[in-house]
Amino acid sequence: MKKSSILLSLIAFSLVLSTALLGATPALMQATSTPAPSLTPVPPIAKPAGAVEVTFWYGLGGLLGNVVQETVNKYNSSQTKYYVKAVFQSSYDDTVNKINAGLSSGDLPNLAQIFEAGTQRMIDTKKIIPVQDLVKRDGVQAILDDLEPAVKANYTINGVQYSMPFNSSTAMLYIDRKAFKEAGLDPDKKMWTYDEIIDAAKKLTKKDASGKTTRYGMALFPDSWYIEQMHAVSNKYFGEPANGRQGRMTKYTFNDAEGVKFFEYQKKMIDDGSAIYYGPGAGAANAAGAAYAKGEAAMVYSSIASLRTYISSAAGAGNVIEVGVVFLPRLPDAKGKTIVGGASLWITNTGSKDQQDGAWDFVKWAMQPSIQAFWSSNTGYYPVVRAAYNEQVMKDALVKYPQFQVAIDQLRLTDVTDANSAHASGVFVTMRQDVIKAIDDFFTGKVKTAQEALDKAAASANEKLDEYNSTVK
């Protein structure tokens, strides 16, 4: 593959499910049969005279995007030295792609919200000021010390913390608690194995007198995030060496026993009729979410940041389900934990020193427990600083949404390792398309075995990875 072709593919590529399922859930806002009401954007406040303008690119849209602007407004109202100008970039992918496109033109922001799939690419721009350097310069180590350990580790590569976590999530299995009780299953059981979920899906599946399925045990759709999660849960590397966290990643290894077993477990449910499969395509996650919210499927994979959306969608569908969450199903001997999803804040070395200082001032401000509690209580992401849990608004949120505590427990299940932190790769985004194709090929019978499907995906991803690595000095 030529250098020009891979660069064009990286710039042109738009990952379908990244914002929907890695914590940014605007697509799932429409997971009901009724049209979503129009959303009134939150306007920015006026810029004070003489304030240093800091350009901030972000990729969250819809309701979540409104909370981004509200957060920025809070900062701009708190002081007059700096003015953060928030500019929406359509999606996480578009934000990274626009930064890549701006490397030659110099059209770069002072601050950017980047999802974890963009970590290696951001490091490779060589346009970044590591937040670790700024922490040391200003003597504010307490900020890093209070970060949720799994979140801090996620954005620390080769011992350097390059960016500051901002919106963090993790993957869950959503269940219909009503259906579980009806089927004689325990909705309060947090930990489930693959085989237990296969058995549960059969019990949860319902048919009418004519034999038509009226409720499936699970709704499935193709997405790479979950096989990434399963490797973390099994404490196995997704790529070598060490998930790219101690040195540049040179090979994807997801076509291993963990990957095969994860594919096969889901295919069993499709084959026995206890799971419905949607995909691939832009509407796959929406269709699966809608089926769950309307009681047409008793289980679905999604981010904990989808919680309030599902609760709202279920209410719009007449509350035929009771939204619950459990840990991601796993192999019986799995000893790891789930990966952090979401995004972090990156400060670029472009612009004036005043602009760089302004970007850093906003980042420090956003790490305050009160701001993190505000952000979490209004979005569904969990706080990235532990002190936020002492804020009353966060305590109230945990009482109102007890499902949220299950996500926190899952994230803190075991010690943080390189294997249960997100891998770093320059072709992270395009790799996910290879995995989506593998999922669809196997689930639809185009490829007979999970091993063959995964081998093809790994070979394609590794070809792109080799080419990418050859272009980076």
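As the structure is a computational prediction, the values presented were derived from the model and not from experiment.

**Student:** Run through the side chain of Gln403, naming residues and quoting values.
**Tutor:** Positionally, Gln403 belongs in helix H18 (residues 403-411). Non-local contacts of Gln403, meaning those with residues more than four positions away in its chain, are made with Ile304, Leu307, Ile311, Val323, Gly324 and Val325.

**Student:** Quick rundown of the pairing of strand E3 (residues 111-115)? Include the residues and the values.
**Tutor:** Burial within E3 is extensive, with five of its five residues counted as buried. One ladder, built from two bridges, connects strand E1 (residues 52-58) with E3; its direction is parallel. If you follow Trp57 over to E3, its bridge partner there is Ala112. Examined bridge by bridge, E3 and strand E17 (residues 341-348) share five bridges and lie antiparallel to one another.

**Student:** Tell me about the nonpolar core, residues and numbers included.
**Tutor:** In terms of nonpolar packing, the biggest core is built from 150 residues, with Phe56, Tyr174, Met218, Tyr252 and Phe254 touching the most fellow members. Excluding anything up to four places from it in sequence, Met218 contacts Leu173, Ile197, Tyr265, Met269, Ser274, Ala275, Ile276, Ala297, Met299 and Tyr301.

**Student:** Any details on the environment of Val131? Residues and values, ideally.
**Tutor:** With respect to the secondary-structure elements, Val131 resides in helix H6 (residues 131-138). The sequence separation of Val131 and Met164 amounts to 33 residues, and the corresponding C-alpha distance is 6.6 Å. Setting aside residues up to four positions removed in sequence, Val131 forms contacts with Gln161, Tyr162, Ser163, Met164, Leu345, Ile347 and Trp360.

**Student:** Would you mind going over unusual backbone geometry in detail, with residue names and values included?
**Tutor:** Geometrically, the link from Glu240 to Pro241 is a cis peptide bond, its omega value of -10° lying close to zero. Inspection of the secondary structure puts Pro241 in the loop between strand E12 (239-240) and strand E13 (251-252). Within the chain, Asn158 stands out as a residue other than glycine whose phi angle is a positive 55°. By the secondary structure assignment, Asn158 is in the loop between strand E5 (156-157) and strand E6 (160-161). We classify Asn158 as partly exposed; its relative accessible area is 40%. Phi at Ala242 is positive, roughly 50°, even though this residue is not glycine. By the element assignment, Ala242 lies in the loop between E12 and E13. For Ala242, a relative accessible area of 16% translates into the label buried.

**Student:** Can you tell me about the pairing of strand E16 (residues 323-326), naming the residues and giving the values?
**Tutor:** Going residue by residue along E16, you find Val323 and Val325 tucked away on one face and Gly324 and Val326 tucked away on the opposite face as well. Here strand E8 (residues 171-176) pairs with E16 via four bridges, running antiparallel. Considered in E16, the bridge of Tyr174 is made with Val325.

**Student:** Requested: an account of the pattern of salt bridges, with residues and values cited.
**Tutor:** Counted according to the given criterion, the structure contains 22 salt bridges. Here Arg137 ties to Asp357 by a salt bridge, and the two come within 3.6 Å at their closest N and O atoms. Of this pair, Arg137 sits in helix H6 while Asp357 sits in helix H15 (residues 353-366), and the two are 220 residues apart along the sequence. Taking relative accessible area as the criterion, Asp357 reaches 18% and is therefore assigned buried. Connected through salt bridges with shared partners, the residues Arg137, Asp138, Lys353, Asp357 and Lys364 form a single ionic network.

Reading the values: rules and limits
Residues numbered from 1 in each chain as written. Predicted model: local features only at pLDDT ≥ 70, side-chain atom pairs only at ≥ 80, totals over all residues. Heavy atoms only, no water. Helix = DSSP H or I, 4+ residues; strand = E, 2+ residues; numbered from the N terminus. Contact = heavy atoms within 4.5 Å. Buried < 20%, exposed > 50% of the residue type's maximum accessible area, 1.4 Å probe, protein only. Pairing = 2+ DSSP bridges. Core = buried A, V, L, I, M, F, W, Y, C linked by side-chain atoms within 4.5 Å. Salt bridge = Lys/Arg side-chain N within 4 Å of Asp/Glu carboxyl O.

By themselves, these observations are geometric and do not establish any function.
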